[in-house]
Each structure stands twice: as structure tokens, then as C-alpha cells.
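Topology and contacts: notes
Each chain, letter by letter, is given below.
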Amino acid sequence: QVQLVESGGGLVHAGVSLQLTCAPSGRTATHYAIGWHPQAPGKVREFVAFVSWAGGTTYYSDFANGRFIVSRDIAKNLVYLQMDNLVPEDTGVYYCAAGINSARVMGAGDYWGQGTQVTVSS
């Protein structure tokens, strides 16, 4: 089983940046793609980006809108989501998910973290 722990969220003003971190347990992330899914208040989870652990391939949905970058640090065993120029519409709980393939990580996922809250004020 893969365990995922998110961190880095907070309450910020519009226009600033945040970097979210996803920490997979051990070295299990080598077998999966790791993605990020924000869930705005009262809405379903959406997909924003993923990175494959082994090859570093990245993919973004329109949600990213050119402002988000996903990356992984193999040495530190971490995945990041760099979010720049935040706007109130980015507010939500950001979940880290692991999927055995691109379809899984972009959709239902195979494993999920607890989420980290991002709140962007005007």
C-alpha cells in the first residue's frame, strides 16, 4: 500500500505563491504517477497535474492555466506543486494521489492523501 502525506497549504493573499509537498512512504512512489487534485468548497475533486516518478513525465489540465508546475525530487522522495500568482478560485483542499497509470492518477486514483487546505483571499 502507498501512503501519501500533503503539506504546504495555508491562508494567503491573491498574487502570492505556495509550494505544496506530497511525501510518499518509503520508495513506493517509483511504481506510480503522482498527481494533484484540488477540491473547491461544495464541488467535486478536479485534476490539475501529475508527474511520473520514474521518467519525470508531466501532464497538466486546463486548471493549471500556466501558473502551476509539478515536479519530483527523487533524492528527497518528494513531489511538489508550485503554485504562482494565486487567485481566490484556487481555494480548496489539495489532495495528492498515486495512480498506476495516467488514467488512474487523473481520475479515481489508487491511493489518496488527507489533503492540505489552500485558501486565497482577495
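We now turn to the structure provided with this report. For clarity, every value in this text was computed on a predicted model and none was experimentally measured.

1. Some details on the overall build of the protein
- The helix and strand tally for the protein stands at 1 helix and 11 strands.
- Scanning the protein from its N terminus toward the C terminus, one meets helices and strands in the order β-β-β-β-β-β-β-β-β-α-β-β.
- The globule rule puts the C-alpha radius of gyration for 122 residues at 14 Å, and the 13 Å found for the protein is close to it.
- Overall size of the protein, expressed as C-alpha extent along the three principal axes, is 40 × 30 × 25 Å.

2. Topic: the environment of Asn101
- Mapped onto the elements of the fold, Asn101 is located in the loop between strand E9 (92-99) and helix H1 (102-106).
- Overall, Asn101 belongs to the partly exposed group, its relative accessible area being 36%.
- In the structure, Asn101 is positioned 61 residues away from Ala40 in sequence and 25 Å away in space, judged by C-alpha atoms.
- For Asn101, the side chain forms a polar contact with the main-chain nitrogen of Arg104, separated by 2.8 Å.

3. Focus: the pattern of salt bridges
- Scanning the model with the defined rule gives 2 salt bridges in all.
- Among the salt bridges present, the one from Arg67 reaches Asp90, with a minimum N-O distance of 2.8 Å. Taken together, the residues span a long stretch of sequence, with Arg67 in the loop between strand E6 (58-60) and strand E7 (68-73) and Asp90 in the loop between strand E8 (78-83) and E9 at a distance of 23 residues. In this pair, the class of Arg67 matches that of Asp90, namely buried.
- Note that Arg104 is salt-bridged to Asp110, the shortest N-O span being 2.8 Å.

So, how was this worked out
Sequence order as written defines residue numbering, which begins from 1 separately in each chain. Only residues with pLDDT of at least 70 are given local features in this predicted model, and only at 80 or more are side-chain atom pairs given and counted; all residues enter the totals for whole chains, interfaces and linings. Processing note: side-chain calculations cover all non-hydrogen atoms of the structure and skip hydrogens and water entirely. The secondary structure listing takes helices from DSSP runs of H or I that are at least 4 residues long and strands from runs of E that are at least 2 residues long, numbered from the N terminus. Between the two quantities, the radius of gyration covers C-alpha atoms and the globule rule is 2.2 Å times the number of residues to the power 0.38. Exposed residues in this analysis have more than 50% of their type's maximum accessible area, buried residues have under 20%, and partly exposed residues fall in between, with area computed by a 1.4 Å probe over protein chains only. By the criterion applied in these results, polar contacts are pairs of N or O atoms within 3.5 Å in which, for protein atoms, one can donate a hydrogen and the other can accept it, and in which residues neighboring in sequence qualify only through two side-chain atoms. Here, a salt bridge means any side-chain nitrogen of Lys or Arg that lies within 4 Å of a carboxyl oxygen of Asp or Glu.

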